[in-house]
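Here are the chains, one letter per residue:
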Amino acid sequence: MLSKRIPKLMLIINPTAGKNQARNQMFNLTNYFFRSGYHVTVFPTQQRGDGTQFASEHAAGYDRVVCVGGDGTLNEVVAGLMMLPKEQRPILGYVPAGTTNDFASTLGISPHMEESMKQTMEGEPFFCDIGRFNGHFFTYVAAFGLFTDVSYDTPQSLKNMLGHFAYILEGVKSLATVRSYHLTVDVDGEQIEDTFIYGQISNSTSVGGVMDIGRTGVQLDDGLFEVLLIKMPTNPLELNDTIGALMLQKVEDCPRIYFRRAARVRVLAEEPIAWTLDGEAGGVVADATAEILPHSIALSLMQMPNQKNLIEEVEEAHPDTAEET
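Given the structure is predicted, the values throughout are model-derived calculations rather than measurements.

**A few points about the overall build of the protein**
No. 1: Within the protein, the regular secondary structure consists of 11 helices and 15 strands.
No. 2: Residue pairs in contact within the protein that sit at least 24 positions apart in sequence constitute 75% of those at least 6 positions apart.
No. 3: As presented, the protein carries roughly 15000 Å² of accessible surface, and 51% of it is formed by carbon and sulfur atoms.

**Examining the environment of Phe 54**
No. 1: Position of Phe 54 among the secondary structure elements: in helix H3 (residues 50–58).
No. 2: With relative accessibility at 15%, the residue Phe 54 sits in the buried group.
No. 3: Distance in space between the C-alpha atoms of Phe 54 and Val 77 is 7.7 Å, their sequence separation being 23 residues.
No. 4: If near-sequence neighbours (up to four positions away) are discounted, Phe 54 is found in contact with Met 10, Ile 12, Phe 43, Pro 44, Thr 45 and Ala 59.

**Thoughts on the side chain of Glu 226**
No. 1: Topologically, Glu 226 is positioned in strand S12 (residues 225–231).
No. 2: The exposure class of Glu 226 is buried, given its relative accessible area of 0%.

**Digging into the packing of aromatic side chains**
Two aromatic rings, taken as a pair, are described by how far apart their centres are and by the angle between their planes.
No. 1: Tallying each qualifying case throughout the model produces 8 aromatic pairs.
No. 2: Where Phe 43 meets Phe 54, the ring centres are 5.4 Å apart and the plane angle is 50°; that geometry is what we call tilted. In this pair, Phe 43 sits in strand S2 (residues 39–44) while Phe 54 sits in helix H3, placing the two residues 11 residues apart along the sequence. Grouping residues by exposure puts Phe 43 and Phe 54 together as buried.
No. 3: Ring centres 5.6 Å apart and planes at 85° place the aromatic pair Phe 144 and Tyr 181 in the edge-to-face group. Taken together, the positions of Phe 144 in strand S7 (residues 141–145) and Tyr 181 in strand S8 (residues 181–187) put the pair 37 residues apart, joining distant regions of the chain. The burial state of Phe 144 is the same as that of Tyr 181; both residues are buried.

**As for the pattern of salt bridges**
No. 1: Considering all chains together, one arrives at 8 salt bridges under this definition.
No. 2: Between Glu 271 and Arg 179 there is a salt bridge, with the nearest N and O atoms lying 2.7 Å from each other. Here the residue Glu 271 occupies a position in strand S14 (residues 264–277), and Arg 179 occupies one in the loop between helix H9 (164–174) and S8, the gap between them amounting to 92 residues.
No. 3: For Arg 179, a relative accessible area of 47% corresponds to the partly exposed category.

**Thoughts on helix H4 (residues 71–82)**
No. 1: If you check H4, its first and last C-alpha atoms are 16 Å apart, about what 12 residues at 1.5 Å a residue would give, namely 16 Å.
No. 2: The buried fraction of H4 is high, at 12 of 12 residues.

**Observations concerning the packing of H3 against H4**
No. 1: At their nearest, the axes of H3 and H4 sit 7 Å apart, and the two run at 30° to each other. When the axes of H3 and H4 are compared, the pair comes out roughly parallel. Seen along the crossing, H3 lies across H4 with a hand that is right-handed. On the side of H3, the interface is formed by Asp 50, Gly 51, Thr 52, Ala 55 and Ser 56, while H4 contributes Glu 76, Val 77, Ala 79, Gly 80 and Leu 81.
No. 2: Considered class by class, the residues forming the contact of H3 with H4 number 4 nonpolar, 4 polar and 2 charged.

**Things to note about the side chain of Ser 204**
No. 1: Assignment of secondary structure puts Ser 204 in the loop between strand S9 (190–202) and strand S10 (206–207).
No. 2: Taking the relative accessible area as the measure of exposure, Ser 204 reaches 0% and is therefore buried.
No. 3: There is a polar contact of 2.8 Å between the side chain of Ser 204 and the side chain of Thr 106.

**Observations regarding unusual backbone geometry**
No. 1: Residues other than glycine seldom take positive phi values, yet Asn 134 does so here, at roughly 45°.
No. 2: Relative to the assigned elements, Asn 134 resides in the loop between strand S5 (124–133) and strand S6 (136–138).
No. 3: In this structure, Asp 188 takes a positive phi of about 50° despite not being glycine.

Conventions we followed
- Residues numbered from 1 in each chain as written.
- Predicted model: local features only at pLDDT ≥ 70, side-chain atom pairs only at ≥ 80, totals over all residues.
- Heavy atoms only, no water.
- Helix = DSSP H or I, 4+ residues; strand = E, 2+ residues; numbered from the N terminus.
- Contact = heavy atoms within 4.5 Å.
- Areas by Shrake-Rupley, 256 points an atom, 1.4 Å probe, with all protein chains shown as cover.
- Buried < 20%, exposed > 50% of the residue type's maximum accessible area, 1.4 Å probe, protein only.
- Phe/Tyr/Trp six-rings, centres within 6.5 Å; stacked < 30°, edge-to-face > 60°.
- Salt bridge = Lys/Arg side-chain N within 4 Å of Asp/Glu carboxyl O.
- Expected span 1.5 Å × (residues − 1).
- Axes fitted to C-alpha atoms, helices over the stretch in contact; angles between N-to-C directions.
- Parallel < 35°, antiparallel > 145°, perpendicular 65-115°, else oblique.
- Left-handed = near helix turned anticlockwise from the far one by under 90°.
- Nonpolar A, V, L, I, M, F, W, Y, C, P; charged D, E, K, R; others polar.
- Polar contact = N/O pair within 3.5 Å; in protein donor to acceptor, adjacent residues only side chain to side chain.

As structure tokens, then:
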């Protein structure tokens, strides 16, 4: 008599993410997935890049991968999975244990670990778009300029104590000296040349726990980025108005904010500029190209992002400014 095969689960954990939630909950995590019927193997990350290495070298041999950590850990795991042929990529579950967990918020994943574990096991696969930036993968945002140094420059101890407030406080300090960049940007063939203080190429409704562009009808599986560029203000009043438009989610109403949807974006700068990918350092380059890779990763979600209803709500509330998708 043949014995029944037990499915295998690869558990990639960042023990130091957020408030050390994963390390403190190690037994509960492994026990929950074991009781869900899986043979569990734990891969704790020790240094940057481990998540990518673990996923690229071992994930093909598992039925399911679960990532426990922050957005940076998820970025690494996704990058590792993207190195595999599409047919070899297991379903990916995400248990957020970081500081802001932007992408988890976009996906509707609970911030409570017990609930997110349940969502990981009982969810259905949602095939999400993934970005590629000069050959490097990102899950939700590539950005430069104002605010972008906040995520990876903020000390981990400050993140742990203050959470979202750490990002806001560090961002306020950076407003004293606003750096600008003269750029030529190609957005699916449309060119714009101007001086900017911030730019993001994203596939998310929330960035940095501060900027929320959900009202614009973001879709995670439409094969398009949301491209947002903030022009250099000429006076403090314009700067305040621009920040207000971001905070009030009125990006398409502000003349100093360029907002489009596109599958491919190229940014040419007069000198190299620093980029971040999913809140982590992404390199310093003068020529950057971002392209979207549709339906690349199967994420286990309890509730699929209801994009159609979201767009209808946007159009009803703002019939004159709603973007077509």
